[in-house]
Amino acid sequence: MTNIKILGVMIGTIAIYTWIANAIPQLESVVPEELSFSSDVSEAELVAAGAELYSGGAGCTTCHGLETRAPNLLTGYGGEGTIGTRCGTRVPGQDCKTYLHESLVNPMAYVVEGGFDPMVFQARVFSGAQIWALVAFLQDQGGVVTVTGADVAAAAEADAAAPAGGPMVASNDPLEIMRGNLCLGCHMLEGEGAELGPAFDGIGSRITTDRIRRSIIDPAAEIAEGFDHLAGSMPPNLADMLTARQLEVLVDFLAGQGG
Amino acid sequence: MLKRSRGRWFWMRASLPVAIVVAIGLIAIAMEPLAAQGYTPREYGDFPIIGSRAAIWIAAQLHLFFAAFVLGVPMFAVVAEAIGIFSSDDRYDKLAKEFTRLLLVSYSATAMWGAVLVFGLITLYPGLWGYLSEIFAPSMWVYVGIFFFESFTLYLYYYGWDRWKKGRAKWGHWGLGILLNLWGTAVMLIANSWLTYMMSPPAEVTPDTAPGMVQFWSAFANATWMPINIHRFIANIVFGGAIVGAYAAFRFLSAKTDEERAHYDWMGYIGNFIAISALIVLPFAGYWLGREIYEFNQQMGTTMMGGFMSWLWVVQAFLIAVLFLAGNYYLWIGMGRIPGAERFMPYTKWMLLVLLIGAAVWATPRNMIANRAEITAMGGQFHPFLGALGVMSAKNTAVNFMILTTFLSFLLYRRANKKAVVSWEKRGTTIQGALFVIAAAVVLFYGVYGYFVPNIVRIGFSVYQVLAVITAIVLVIVIDMLMMRGAKSRGEIRWGEMPERSQYALFILAVTFTWLMGLMGFARSGIRQHWHVFEVLRDTSVDAATPALGYASIVISVCVLIFLSMVSFIFWVGGLAEKPVISGVGGGATGSAPVARDQEI
Ligand code: HEM
C-alpha cells in the first residue's frame, strides 16, 4: 500500500510537470531553410522557394506592397506593370535577370525614381541560391523565368569559397560599422544617411544607453516616439551581424551623441 | 558462505564497467583504419520508432543522471566519514558507508548507460562522433584510464571499510575517499569539455576548420567549460542529496522497527540538508553561466533567455519553487519532533508567504525577444501581466529572498531544542535579526534601484545582493555557533517520530530535481538549435529542428521514469544483499544521543 502511494506521488509529480510543459505555448526552433538545389533544379522549384522567401523569411513585404515605402512588385507600379514585365526596361542594355539580381545584391546601385530612399536589404545574409530563387520568383510575376540551374550552381560555388556568416565589416570604428551595416540607410547622422528612422544626432540625450542597446538587439521591443507607423521596419537581425565588441562600440558611440 | 558469494558479486561488479570501457576502447581503435582506407562513413544512422534523436537523448540523459549521482554522493560520503573521525561518532561513519553502498551499485549503471551512449553515437551520429573524436582523442583515452582507476578506488574504499577502521589505517581509508572524489571530478571535467565545446567552440574554429587543426587546449577550456563545471558540480551535490533523501524516505516508510525508523529519519534529514544547502548556491552559479553564454554569443544568449526557450525558464522557476517549498515544508514538519520548536511555528506561515511571492516573481518571464511567429504563438510581445517584474532585477531580488528564508528555516530548526546559556543570548539574537534585516534591505534596495540604472550597472548590483546575503549567512552562523556553546537541551529530537507525509516531500524533492536536470539538459543542448557544434558543424539530419517543450517534457519524463525504476531496483537489490546498517541513533522517544550531536551538520 505504501509503495503504491509512493509510486502515485512520483508519477503524479511527473505527470503534472509534463502537463504544464504541454500547456504553455509550444515554440519550436525551426531550421532556417537552406536551399541546396542541384544544377538540374526546375523552374517551378525555384519560383516556389522564392515565393516562400519573399513573403516569409526575407522580409520583403515589410516594405513592398504598402505603396508608401517602396514600389509595388507583385502589382503594377507607376503604370509600368508588375516587376516581371518592367524589369527588362529599367537599365538600358541590361536584361531583366541581371537587373533584378543587381537590385538585390547591390541595392544602392539603382534607385527607382519616385522619391524613395535606397532600398535597405542585406543580401549577404542569404545564400546565392536564395537570391536566385527570389529573382526567379520576381521574374515569374508577369515575365519569363530565365534563371537556370547553372546560375544556382555557380552561386553555390561562390558561397562555398566565401561562406556567409560573421560580421558584415571587420572594423571597430563606429562610422564604418554603421555604414557597413546599413544603419545609415535609414538613420541620419550629421547630414549623412537617410531619414526613414529617427536621426542619430542627439540620440544620447533622448534615450538611455540601455534602450539604445535594446533598440538594436530587438527593435520591436520599444518603438521610437513618433515612429509607430514604421514599427517593424528596422530589421530585427542586425545585432546578429555585429560582433559583441562592435555592438558595444556602436552603443557607446550613439550614447555619446548628446544634444 | 555468505562472504564467499559476496566476493563473487564484487568481482562481477568490478569487472563489468571495466570490460565495457575496454570494449569501447577497442571499437574506437578498430574504427581508425576504416577511415584511413578512404571509406567514408555515413553521417547519420536510423533508430526505429522513436528516432535517432530521442534514442541518443535518452541514453545521454540517463548516463548523466547516474553520473551525477555517483559524482555527488562520494562528496558527502567523505565528509560524513570525516565528521565521524573527528567526533568519534560512529553514526556518521556508518552513514558514510551506507552512502557508498548505494554508490557501488549505481556505478555499473553509469558505465552501462555510458556504453549505450557511446554505441548510440557511433551508430546513429557517426559523423559527429568522428568529428569530436578527432579533436578530443587524447582526452578520451585519459577519460577511460581515469574511469578505470576510479572503479578500483571505489571498490577499495567500500570493501576496505571494515578492514581499515582504526588509527592510521582509517586515515588512509579516508584518503581513498578523497582520491575517489578527485577521479570523479576529473572525469566530469573531461566530459564537460566535450559538451561545452559543442556549445561554445573557440572563435577561431569555423565550418572550414578541419577537426585535426583545432587546438586541443582552446577547444578543451572553451568559454562555457568552467561555468558549466561549477554549475554541474553544485547541481550534482543537490542531486545526490535529493536521491539519498528519497532512499531514506523509502526505507523509513517500509521500516519495521523504531530503531530503523529513527535511523532513516535522520538519514532523510541529512539528505535534505545537503540538497537544500547546495541548492542555495546554485542560482549564483546559474547566473554566472548565463552571463558567460551571453558573452560568448549574444544571439545564443538571446535564444536562451528570450527566443523559443523563454517559456522554459518559467517552467524552471516553477520547479525550483517546488524545490524550495518541499525542502522548507519538510523542515517545518520536522520541527514537530523537536521539543521547543512550537515557539517558532507561527513564523512558518510568513516564511511560506515570502517563498510564494518570490516564486511568483521569478516565474514571470522577462520581456521576450521573439520573432513574428513566436509572438503570435505567445499572444503578445510581453507577458500579459507584471511585465516590469520580469526583468533581472526582480528575479535576483526574489531568489535572494527565497534563499534568506530557507536559511532562516534551517536556523530555527537548529535552534529549536536548544536553550543558550551564554549571558549575551538576547543581544546575540537581536544582532542576528538585524543581520537578516540588513541583508534583506540591501537586496531590496538594489532590487528597486536596479530599475533606474543601465544594464551593465545592474549586473554589478546582483553581486552586492549576493554578497549581502552570503555575509549575513556566514555571520549569523558564526554567532549561532558561539551562542549555542554548551547550550542546554529543551529535550531530545525524537528521531523517527515524523509524520509520513513529510517523507513524501522528500520524494517530491527527488523527482522534481531529477526532472529539472532533464529539463536543463534539454536547455543546454537546445540552445545550439540546428547545430551539432554551434555555428561550426551543422545538424543536417531529419531531426535538426529543436522540438517544443511539450515533446521535450515527454522525453524527459520517460528518462526520469527509467531512472527512478532503475534506481529503485538497484536500491532494492542492495537491500536484499545486505542487512541495513543500523546506526546508534536512539529509537523514538527513548533516544539517547546528546543534542549537540544530533545537529552536528
Ligand atoms: C536555483 C537556480 C538553479 C537551479 C536549481 C538550477 C539547476 C540546474 C540543474 C539541476 C542542471 C543540470 C545539471 C547537470 O545536468 O549536471 C542545470 C543545468 C543548467 N543550468 Fe541551471 N539551475 C539554476 C539556475 C540557472 C540559471 C539562472 C541559468 C542561466 C541563466 C541556468 C542555466 C543552466 C544551463 C544552461 C544548464 C545546462 C548545463 C548542463 O547541462 O550542465 N541555471 N541547472
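Quick caveat, the model's predicted, so the values are computed rather than measured.

Student: Outline the overall build of chain B, supporting the account with residue identities and numerical values.
Tutor: Helix and strand counts for chain B stand at 18 helices and four strands. Of all 601 residues assigned to chain B, the portion counted as buried reaches 58%. Long-range contacts, defined here as pairs at least 24 residues apart, represent 87% of the contacts in chain B between residues at least 6 apart. As presented, chain B carries roughly 25,100 Å² of accessible surface, and 70% of it is formed by carbon and sulfur atoms.

Student: Can you break down the overall build of chain A residue by residue, with the values?
Tutor: Within chain A, the secondary structure is distributed over ten helices and two strands. Counted from the first residue to the last, chain A has its helices and strands arranged as α-α-α-α-α-α-α-β-β-α-α-α. In chain A, which comprises 259 residues, the share counted as buried stands at 41%. As displayed, chain A offers around 12,800 Å² of accessible surface, 57% of which is attributable to carbon and sulfur atoms.

Student: Provide a residue-level description of the site of the ligand, including the pertinent values.
Tutor: All names here are of chain B. Inspection of the region around the ligand gives 22 residues, with H231, R232, P283, M517 and R524 positioned closest. One nitrogen or oxygen atom from the side chain of H231 is found 2.9 Å from a nitrogen atom belonging to the ligand. At a separation of 2.7 Å, an oxygen atom of the ligand approaches a polar side-chain atom of R232. Put simply, the parts of the chain that give the shell around the ligand at least two residues each are helix 7 (225-253), helix 8 (258-296), helix 10 (310-334) and helix 16 (500-526). With seven residues, helix 8 is the single largest residue contributor to the shell around the ligand. Taken together, the residues that form the shell around the ligand break down as 15 nonpolar, five polar and two charged.

Student: Outline the pattern of salt bridges, supporting the account with residue identities and numerical values.
Tutor: Residues and elements named next belong to chain A. In this structure the tally under the stated criterion is 18 salt bridges over all chains. A salt bridge links R90 to E80; the nearest nitrogen and oxygen atoms lie 3.2 Å apart. One end of the pair, R90, is in the loop between helix 3 (83-86) and helix 4 (96-105); the other, E80, is in the loop between helix 2 (43-55) and helix 3, and ten residues separate them in sequence. Across the pair E248 and R213 runs a salt bridge, and its minimum N-O distance is 3.0 Å. In this pair, E248 is assigned in helix 10 (residues 244-255) and R213 in helix 9 (residues 209-217), connecting sequence segments 35 residues apart. Given a relative accessible area of 13%, R213 falls into the buried group.

Student: Can you break down the side chain of T153 of chain B residue by residue, with the values?
Tutor: Here T153 of chain B is to be found in helix 4 (residues 126-159). When near neighbours in sequence (up to four residues on either side) are disregarded, T153 of chain B contacts L176, L179, L180 and W183 of chain B.

Student: Quick one: what's the story with the nonpolar core, residue by residue and with numbers?
Tutor: Counting 163 residues, the largest nonpolar core has F99, F239, F513, W515, L549 and F563 of chain B as its most contacted members. In terms of residue count, helix 8 of chain B provides more of this core than any other element does, 18 residues in total. Setting aside chain neighbours within four positions, we find L549 of chain B in contact with A21, I24 and Q26 of chain A together with W311, L312, V315, L519 and F522 of chain B. Core analysis: the next-biggest nonpolar cluster, separate from the first, contains 31 residues, L117, I122, L124 and V536 of chain B among them.

Student: Quick rundown of helix 9 of chain A? Include the residues and the values.
Tutor: Among the residues of helix 9 of chain A, D210, I212, R213, I216 and I217 of chain A are the ones counted as buried. An end-on view of helix 9 of chain A places all buried positions within 165° of arc, on one side of the element.

Student: So what's going on with the coordination of the iron atom of the ligand? Residues and values would help.
Tutor: Coordination of the iron atom of the ligand by the protein comes from a single atom, H231 of chain B (NE2), at 2.2 Å. Position of H231 of chain B relative to the elements: it lies in helix 7.

Student: I'd like to hear about helix 4 of chain B, residue by residue, with values.
Tutor: Taking 1.5 Å of rise per residue, 34 residues should cover 50 Å, yet helix 4 of chain B covers just 40 Å from first to last C-alpha, more than 12% shy of that figure. The largest bend in helix 4 of chain B amounts to roughly 80° and is located at F136 of chain B, with the proline P138 of chain B lying one to four residues further along.

Student: Pulling in residues and values, what's your account of the packing of aromatic side chains?
Tutor: Any pair of aromatic rings gets described here by the distance separating the centres and the angle formed by the planes. Residues and elements named next belong to chain B. In total, this model carries 40 aromatic pairs over all chains according to the counting rule given. On the basis of an interplanar angle of 45° and a centroid distance of 5.0 Å, the ring pair of Y446 and Y464 is categorised as tilted. A residue pair is termed long-range when its members are at least 10 positions apart, and Y446 in helix 14 (residues 425-449) and Y464 in helix 15 (residues 455-483) qualify at 18 residues. Through successive ring pairs, a cluster of aromatic residues spans Y131, F136, Y197, F216, W217, F220 and W225. Lying across the ring of Y158, K97 places its NZ or CZ 5.6 Å from the centre.

Student: Report on the environment of M140 of chain B, specifying residues and quantitative values.
Tutor: Residue and element names in this part refer to chain B. The topology assignment puts M140 in helix 4. With relative accessibility at 15%, the residue M140 sits in the buried group. Taking the C-alpha atoms as reference points, M140 and W194, 54 residues apart in sequence, are found 9.5 Å from one another.

Student: Pulling in residues and values, what's your account of unusual backbone geometry?
Tutor: Here the phi dihedral of E190 of chain A falls at roughly 45°; this positive angle occurs in a residue that is not glycine. Examined against the element boundaries, E190 of chain A turns out to sit in the loop between strand 1 (188-189) and strand 2 (192-193). E190 of chain A gets classed as exposed once you look at its relative accessible area, which sits at 68%. Here the phi dihedral of I49 of chain B falls at roughly 65°; this positive angle occurs in a residue that is not glycine. Take I49 of chain B: it is sitting in the loop between helix 1 (2-36) and helix 2 (51-87). For I49 of chain B, a relative accessible area of 90% translates into the label exposed.

Student: Run through the confidence of the model for chain B, naming residues and quoting values.
Tutor: All names here are of chain B. Mean pLDDT over chain B stands at 80; residues scoring 70 or higher make up 80%. The spread of mean pLDDT over the elements of chain B runs between helix 12 (residues 372-378), the lowest at 37, and helix 16, the highest at 94. Long-range and interchain partners of residues 367-391, a stretch whose pLDDT sits below 50, account for 45 contacts in this model, where long-range means more than four residues apart. This model gives residues 581-601 a pLDDT under 50, and the stretch forms 60 contacts once residues within four places in sequence are excluded. Reported confidences for the modelled complex are a pTM of 0.68 and an ipTM of 0.81.

What counts as what
Residues numbered from 1 in each chain as written. Chains lettered and ligands numbered in written order. Predicted model: local features only at pLDDT ≥ 70, side-chain atom pairs only at ≥ 80, totals over all residues. Heavy atoms only, no water. Helix = DSSP H or I, 4+ residues; strand = E, 2+ residues; numbered from the N terminus. Buried < 20%, exposed > 50% of the residue type's maximum accessible area, 1.4 Å probe, protein only. Contact = heavy atoms within 4.5 Å. Areas by Shrake-Rupley, 256 points an atom, 1.4 Å probe, with all protein chains shown as cover. Near = heavy atom within 4 Å. Polar contact = N/O pair within 3.5 Å; in protein donor to acceptor, adjacent residues only side chain to side chain. Nonpolar A, V, L, I, M, F, W, Y, C, P; charged D, E, K, R; others polar. Salt bridge = Lys/Arg side-chain N within 4 Å of Asp/Glu carboxyl O. Core = buried A, V, L, I, M, F, W, Y, C linked by side-chain atoms within 4.5 Å. Arc of directions from axis to C-beta. Donors = N, O, S within 2.8 Å, 3.2 Å for Na, K, Ca; no water. Expected span 1.5 Å × (residues − 1). Bend = angle between axes of the 7 residues up to and from the residue. Phe/Tyr/Trp six-rings, centres within 6.5 Å; stacked < 30°, edge-to-face > 60°. Lys NZ or Arg CZ within 6 Å of the ring centre and 35° of its normal. pLDDT = per-residue confidence, 0-100.

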